[in-house]
Amino acid sequence: MIEKIPRVVAAPPGKPVRAEAARGQQRAVRLALHPGTWDRREAAAMRADFDEAAPRWDAERGGYRRPVLADALARGGPFRPGLAVEIASGTGLLTAQVQARWPTVIAVDLSYRMLTRSAAAHRIQADAAHLPLASRSVDAVIIGDGPLFAAEVARIMTQDAVLVWSNALGREAPFFLPTELVAQVMTAATGRVWDAIESEAHWGSWAVLRSAS
Ligand SMILES: C[S@@+](CC[C@H](N)C(=O)[O-])C[C@H]1O[C@@H](n2cnc3c(N)ncnc32)[C@H](O)[C@@H]1O
């Protein structure tokens, strides 16, 4: 079941339009449904794109990302304490918010140049398709505008773990996935039904997903 709760954080005027959003979303859907299509060449291209964007990232794209995750963490709970992994953590724009909720956070990103700007205490340069983390070791996975490799997310999660999914530009974000699709692939990956609570905030959207009891 997906519960949609009303927006409380208004969207100001001036939402940016990303020319790459449509192509990005096609890729996001493909990777969620067909992760086997992701290969070394595509990973290298993604890494190179974000290595190149890293010096400008916070100045050009940093101003609107935090209110979305803040709303998810304020209204998407309850959240149990434990170990959190932030996948696609980038320059760490969201990491302090994650850390305020889960004091131990492992930040994972494909791009060295994004990751090297992050102040996260624990950083791993890795591909989300092949996480160098133990099975059933993580209590919360946070993905803010990154790809969803559901089998890997499911593998590292404990049974009661939550998945926090946010897109800073909502349906116009290059990594946007509908909550229904996120729940569908998590259900397929775990063999258990996943529920979600979702909302919109600022220019973005978020969902918090849990395995149904
Ligand atoms: C749109 S940025 C978001 C960064 C950060 N979460 C933020 O909100 O500022 C996407 C990030 O996902 C990372 N990324 C893309 N594909 C990845 C993968 N397969 N594994 C890990 N990180 C990946 C990129 O390197 C980039 O830092």
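Here the structure is a predicted model, which means the values were calculated and not measured.

**Student:** Give me the lowdown on helix α3 (residues 66-75), citing residues and values where you can.
**Tutor:** Working note: α-helix, 3.6 residues per turn, so residues spaced by three or four point in the same direction. Within α3, burial applies to Val68, Leu69, Asp71, Ala72 and Leu73. Looking at the buried residues of α3, the elements they touch are α4 (95-101), β5 (138-144), β6 (157-167), β7 (194-201) and β8 (204-211).

**Student:** Please give an account of the nonpolar core that cites residues and values.
**Tutor:** Ranked by internal contacts, the top residues of the largest apolar core, which has 40 residues, are Val141, Leu148, Val153, Leu163, Met186 and Leu209. At five residues, helix α7 (residues 179-190) tops the list of elements feeding residues into this core. Those residues in contact with Val153, other than ones at most four positions away along the chain, are Ile87, Val141, Ile143, Leu148, Leu163 and Met186. Val68, Leu73, Trp102 and Val208 belong to the second largest nonpolar core, which has 19 residues in total.

**Student:** Tell me what's going on with the sheet that holds strand β3 (residues 104-109), and back it up with residues and numbers.
**Tutor:** Spatially, the eight strands line up as an open sheet ordered β1-β7-β8-β6-β5-β2-β3-β4, and their pairing is mixed. This sheet does not close on itself; its edge strands, each paired only once, are β1 (2-4) and β4 (122-125). Looking at each pair of strands side by side, their axes are set apart by 20 degrees on average, direction ignored. The pairing of strand β2 (residues 83-87) with β5 spans four bridges and is parallel. Among the inter-strand pairings, Glu86 is bridged to a residue of β5, identified as Ile142. Taken strand by strand, α3 contacts β5, β6, β7 and β8, and its axis lies near 130 degrees from that of β7. Contacting β1, β6, β7 and β8, α7 crosses the sheet at an angle of about 155 degrees to β7.

**Student:** How would you summarise the pairing of β8 if you had to cite specific residues and measurements?
**Tutor:** Within β8, seven of the eight residues are buried, leaving the element largely enclosed by the surrounding structure. Sheet topology note: the β6/β8 ladder contains six bridges and is antiparallel. Within β8, the position partnered with Ser166 by the bridge is Trp206. Here β7 runs beside β8; their pairing, made up of eight bridges, is antiparallel. Among the inter-strand pairings, Glu200 is bridged to a residue of β8, identified as Ser205. Count of turn residues in the β7/β8 antiparallel hairpin: two residues, of which His202 carries a positive phi of about 50 degrees.

Conventions used here
- Residues numbered from 1 in each chain as written.
- Predicted model: local features only at pLDDT ≥ 70, side-chain atom pairs only at ≥ 80, totals over all residues.
- Heavy atoms only, no water.
- Buried < 20%, exposed > 50% of the residue type's maximum accessible area, 1.4 Å probe, protein only.
- Helix = DSSP H or I, 4+ residues; strand = E, 2+ residues; numbered from the N terminus.
- Contact = heavy atoms within 4.5 Å.
- Core = buried A, V, L, I, M, F, W, Y, C linked by side-chain atoms within 4.5 Å.
- Pairing = 2+ DSSP bridges.
- Axes fitted to C-alpha atoms, helices over the stretch in contact; angles between N-to-C directions.

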